[in-house]
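Summary of structural features
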Amino acid sequence: MLQIFSLVNPAQVLKYKQLCKYINQSLSGARFAVLNLSVYLGPSGLACRSKQELAQLDKRWLVWPPCYQAQYAKIRLSSSYQLNWPCQNLCGSIPSAIGQLRHLSLLHLEHNALTGKIPAELGLLTNLLDINLSHNSLSGEIPQELGKLINLKMLSLSNNALWGSIPETLGSISQLHFLSLGENQLTGQFPVSLCVGLSNLHILALDSNKLSGSIPREFGCMQSLQYFSAAYNELSGEIPVEIGNLKHLSMLLLNNNNLSGPIPGSVVGMMRKLKMWNLAGNQF
C-alpha cells in the first residue's frame, strides 16, 4: 500500500490520512516521507515535473510535518543558493530543516503570512549574505545564533511581532551594511556591541519598538552610518555628543521618545547638513 501512495503528489497525498486510522498511521511516519519524496523527486521523477509543480511543492515545505520538511530539504533544496519567495502568500513557519541548506546565500521571504519563531538553525548557514523576513507575523526572540553569520550584509526583520532584547551577538556581524528591526515589540537597552562591532553599517532602523535606556556614547563609532531611526521608542537621557562625529549621516530620526537635556552643539551643527531629521515629541 505504501508503494501505491508513494506515487501520489506529495502536495496532495497527506489528505488521504483521513480515510482511516491505519492509513493515517502509515502516512504519518518519516519512513513514508522518505519513500514518497524519493519516488516523486528522484532522478526519474524529477525530470517529469514542471516548474509550476515544483514551485507548488516549495510552498508546501513551510506547512508540511517536520519529517517531510527534513527530507524535502535534503532532496530538493540542499543545493539551493537562494530562497527568493517574497509576496507569495506563504503561510506556515520557517522549518528548522533550513539548517541543512548550507549553500544558501540569499533568504527572502518578506511580505508573506509566516508565523512562529525564527529558527536558531539559521545560524548554521554561514554563506548567507542577505536575510529579509520583514512584513510577516513572526514572533519570539531574535536568535542569538544569527551572530554567527559573519558574511551577512543585510538583515531585515521589521514589521513582525518579535519581542525580547536585541542580541548582543549581532555586533559580531562586522560586514553588516543594513539592519532593520523596526515595527516589532523589542525591549531592553541599545546594545553597545552594535556600536562597537558594526563599523560598516549604513542603515540602522529600530523605530516603533519599546527600547529603553540611553543612546550609548559608543554610537559615535559607527562611522559608516548614513541612516538612523529609533523613533517611537522609550529612549531616555541626553543625545550623546558623539553622534556629531558621524560624518556620513544624512537622516536622523529620534522623535517620540523620552530624550531630554540640551541638544549637543555638534549635533546642532550636523543638522544643517542632514537631508532629514526629527527630534519632536521628546522632553528637550
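Above this text sits the structure in question.
Here's what I pulled together on the structure shown here. Treat the numbers as computed from the prediction; the structure is a model and nothing was measured.

Observations concerning a nonpolar patch on the surface
- The grouping of I263, V268 and F284 at the surface amounts to a nonpolar patch, some 220 Å² of accessible area in total.
- Looking at I263, the relative accessible area reads 30%, which means it is partly exposed.

Examining the pairing of strand β6 (residues 161–164)
- What you see with β6 is a clean split: L162 and G164 sit on the buried side and A161 and W163 on the side with no burial.
- Note: strand β4 (residues 139–140) against β6, 2 bridges, orientation parallel. Its bridge partner lying in β6, G140 is registered against L162.
- Bridge count for β6 against strand β8 (residues 185–186) is 2 bridges, and the pairing is parallel. By the bridge assignment, G164 is partnered in β8 with L186.

A few points about the pairing of strand β12 (residues 234–237)
- Here strand β10 (residues 212–213) runs beside β12; their pairing, made up of 2 bridges, is parallel. Looking across to β12, one finds that G213 is bridged to L235.
- Of the strand pairs in this sheet, β12 and strand β14 (residues 258–259) are connected by 2 bridges, and their pairing is parallel. Looking across to β14, one finds that S236 is bridged to N258.

Regarding unusual backbone geometry
- If you check the backbone angles, H135 has positive phi at about 55° while not being a glycine.
- Relative to the elements of secondary structure, H135 occurs in the loop between β3 (130–132) and β4.
- By relative accessible area, which is 32% here, H135 ends up partly exposed.
- Even without being glycine, Y232 reaches a positive phi, approximately 55°.
- Examined against the element boundaries, Y232 turns out to sit in the loop between β11 (227–229) and β12.

The rules behind these values
- Residues numbered from 1 in each chain as written.
- Predicted model: local features only at pLDDT ≥ 70, side-chain atom pairs only at ≥ 80, totals over all residues.
- Heavy atoms only, no water.
- Patch = residues over 30% accessible without salt bridge, like charges linked within 9 Å, V, L, I, M, F, W, Y side chains within 5 Å.
- Areas by Shrake-Rupley, 256 points an atom, 1.4 Å probe, with all protein chains shown as cover.
- Salt bridge = Lys/Arg side-chain N within 4 Å of Asp/Glu carboxyl O.
- Buried < 20%, exposed > 50% of the residue type's maximum accessible area, 1.4 Å probe, protein only.
- Helix = DSSP H or I, 4+ residues; strand = E, 2+ residues; numbered from the N terminus.
- Pairing = 2+ DSSP bridges.

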